[in-house]
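Residue strings, one per chain:
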Amino acid sequence: MESERLQFREYSMEDLEFYASLWGQSDVVQYIGKGLTKTKKEATKSLENWILPGYKNGLGLYIILHKETGEPIGHAGLVRQIVEGRRETEIGYWLAKPFWGKGFASEAAAFFMSYGKIQLKYGRMISLIHPKNTASIAVAKKNRHGL
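Residues numbered from 1 in each chain as written. Predicted model: local features only at pLDDT ≥ 70, side-chain atom pairs only at ≥ 80, totals over all residues. Heavy atoms only, no water.

Can you break down the pattern of salt bridges residue by residue, with the values?
Taken as a whole and judged by the stated rule, the model has 7 salt bridges. Of the charged contacts, one joins arginine 9 and aspartate 15 as a salt bridge, the two residues approaching to 2.8 Å between their closest N and O atoms. One salt bridge in this structure joins lysine 40 and glutamate 17, with 2.3 Å as the shortest N-O distance. Of this pair, lysine 40 sits in helix H3 (residues 40–51) while glutamate 17 is found in helix H1 (residues 16–23), placing the two residues 23 residues apart along the sequence. What makes glutamate 17 exposed here is its relative accessible area of 51%. (Salt bridge = Lys/Arg side-chain N within 4 Å of Asp/Glu carboxyl O. Helix = DSSP H or I, 4+ residues; strand = E, 2+ residues; numbered from the N terminus. Buried < 20%, exposed > 50% of the residue type's maximum accessible area, 1.4 Å probe, protein only.)

Spelled out as structure tokens, the structure:
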């Protein structure tokens, strides 16, 4: 799977160092869950028990690779969430801090919106965003109205 500047593939345990590095950056995770970083041991457990088993029926969080360099820069994808008792499909995206502000989150979100609609035939997808995360709110608004 790919977009103009990005490639998306399933995580593997070989990606643990990168995955743990995302969880280790307080700026990256400040608006994720409780906003707390994870140790490498906690990140390992998350990768093994949540990310890797999550690849079903086209869903899951996929590592994002910069096409030009092959460097991992974040992850994005579609994940199931329960919101107010309803089953929803969320478009999620995280980027390592050096890649913020370059349009990569918008590109990844747009890719997964299209993928969800065209490939998976979803009529509705959501983004769950902390109200103080203005950058992610801007990405979601841009994605909602088309890039």
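There is more to say after this.
An account of H3 is needed here, citing residue identities and associated values.
Note: α-helices contain 3.6 residues per turn, so residues at a spacing of three or four share the same orientation. Of all the positions in H3, only Ala43, Thr44, Ser46, Leu47 and Ile51 are classed as buried. Take H3 and look down its axis: the buried residues cluster within an arc of 160°, on one side only. In H3, the exposed positions angled more than 90 degrees off the buried face are occupied by Lys41, Lys45 and Asn49. (Arc of directions from axis to C-beta.)

Would you mind going over the environment of glycine 101 in detail, with residue names and values included?
Of note, glycine 101 is situated in the loop between strand S4 (86–95) and helix H4 (104–119). Along the chain, glycine 101 and alanine 135 lie 34 residues apart, while their C-alpha atoms are 8.4 Å from each other.

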